[in-house]
Amino acid sequence: SNDALSLYAYLPMNEHRFTFPFFINADFIPKSDREGIQSDNPWNHFLFFNIGKAIVSMVEESASIDDPDYLNLLPQKEFESTSQDTFALIDSFNNGYNKALSESKFIINDKGEKSDVSGIIIDESSLAETLGYNNYYSIIGTTKRLPHPNLNSDILKLSIFVISTSFASGMLINKFFIALLQPT
């Protein structure tokens, strides 16, 4: 539930401003009443930056086609600050998370290899299924790869992942027919 406590400094904190689908236990500097995290503390900013990176690292390490939903452990959007009090912590988390998303190889591609977001393309046209992956890559002229077909990769369509998308367009269809008509 959204009311579940997910941040611990050895003991649970009554911190409802930040929720994750798992528990995070760290050496946070809590407020004097231990009800929440000190928002203006540089150590807590450091921890939040590294928590953002660690979430992607955890997903990267556990990436497996045997667990087709592993990508759903990733936050689907940046945290949004609801007050000036939380802005610095949220900014730290978002910076770490975005840095890790752009640098980590956490997506399993159609060859079964781990790839970063810059090496992945999403096929909104479904042409890859129709033509076969290699023909699709040849026609659109890319070296990027599709996510592994066994993965639940819908999350990768969200804007936070900054992944190129291919749509069925007139130009793409023309390329297909030109490629089809060329002698081999």
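Scroll up to find the structure this text is about.
The text that follows walks through the structure, step by step, so that each part is easy to find. (Residues numbered from 1 in each chain as written. Predicted model: local features only at pLDDT ≥ 70, side-chain atom pairs only at ≥ 80, totals over all residues. Heavy atoms only, no water.)

Some points on the packing of aromatic side chains
Given two aromatic rings, one states the distance between the centres and the angle between the planes to describe the pair.
Right, on to step 1. Evaluation of the coordinates by the stated rule reveals 12 aromatic pairs.
Right, on to step 2. Centroid distance F28 to F48: 5.9 Å. Interplanar angle 55°. Geometry classified as tilted. Taken together, the residues span a long stretch of sequence, with F28 in the loop between β3 (24–25) and α1 (42–62) and F48 in helix α1 at a distance of 20 residues. Summarising the burial analysis for this pair, F28 and F48 share the class buried.
Right, on to step 3. Geometrically, the ring pair formed by F106 and F161 is tilted, given 6.5 Å between the ring centres and 50° between the ring planes. Of the two residues, F106 sits in the loop between α2 (84–103) and β4 (107–108) while F161 sits in the loop between α4 (133–140) and β7 (164–166), which places them 55 residues apart along the sequence.
Right, on to step 4. For F106, a relative accessible area of 0% puts it in the buried group.
Right, on to step 5. In textbook terms, an aromatic cluster arises when at least three aromatic residues are bridged by ring pairs, as seen for F20, F22, F79, F93 and Y97. (Phe/Tyr/Trp six-rings, centres within 6.5 Å; stacked < 30°, edge-to-face > 60°. Helix = DSSP H or I, 4+ residues; strand = E, 2+ residues; numbered from the N terminus. Buried < 20%, exposed > 50% of the residue type's maximum accessible area, 1.4 Å probe, protein only.)

Some points on the side chain of D123
Right, on to step 1. Relative to the elements of secondary structure, D123 occurs in strand β6 (residues 121–123).
Right, on to step 2. Among buried Asp, Glu, Lys and Arg side chains, D123 stands out as unpaired, with K157 the closest opposite charge at 9.5 Å.
Right, on to step 3. Within the local environment of D123, its side chain forms a polar contact with the side chain of S125, the two groups lying 2.4 Å apart.
Right, on to step 4. Apart from the residues lying within four places of it in its own chain, the contact partners of D123 are A128, E129, Y136, L146 and S166. (Lys, Arg positive; Asp, Glu negative; His and termini not counted. Salt bridge = Lys/Arg side-chain N within 4 Å of Asp/Glu carboxyl O. Polar contact = N/O pair within 3.5 Å; in protein donor to acceptor, adjacent residues only side chain to side chain. Contact = heavy atoms within 4.5 Å.)

What about the side chain of S6?
Right, on to step 1. Tracing the backbone through its elements, the reader meets S6 in the segment before β1 (7–9).
Right, on to step 2. Polar contacts involving the side chain of S6 include one to the main-chain amide nitrogen of F20, which spans 3.0 Å.
Right, on to step 3. When residues no more than four places from it in sequence are discounted, the contact partners of S6 are F18, T19, F20, F22, F23 and I24.

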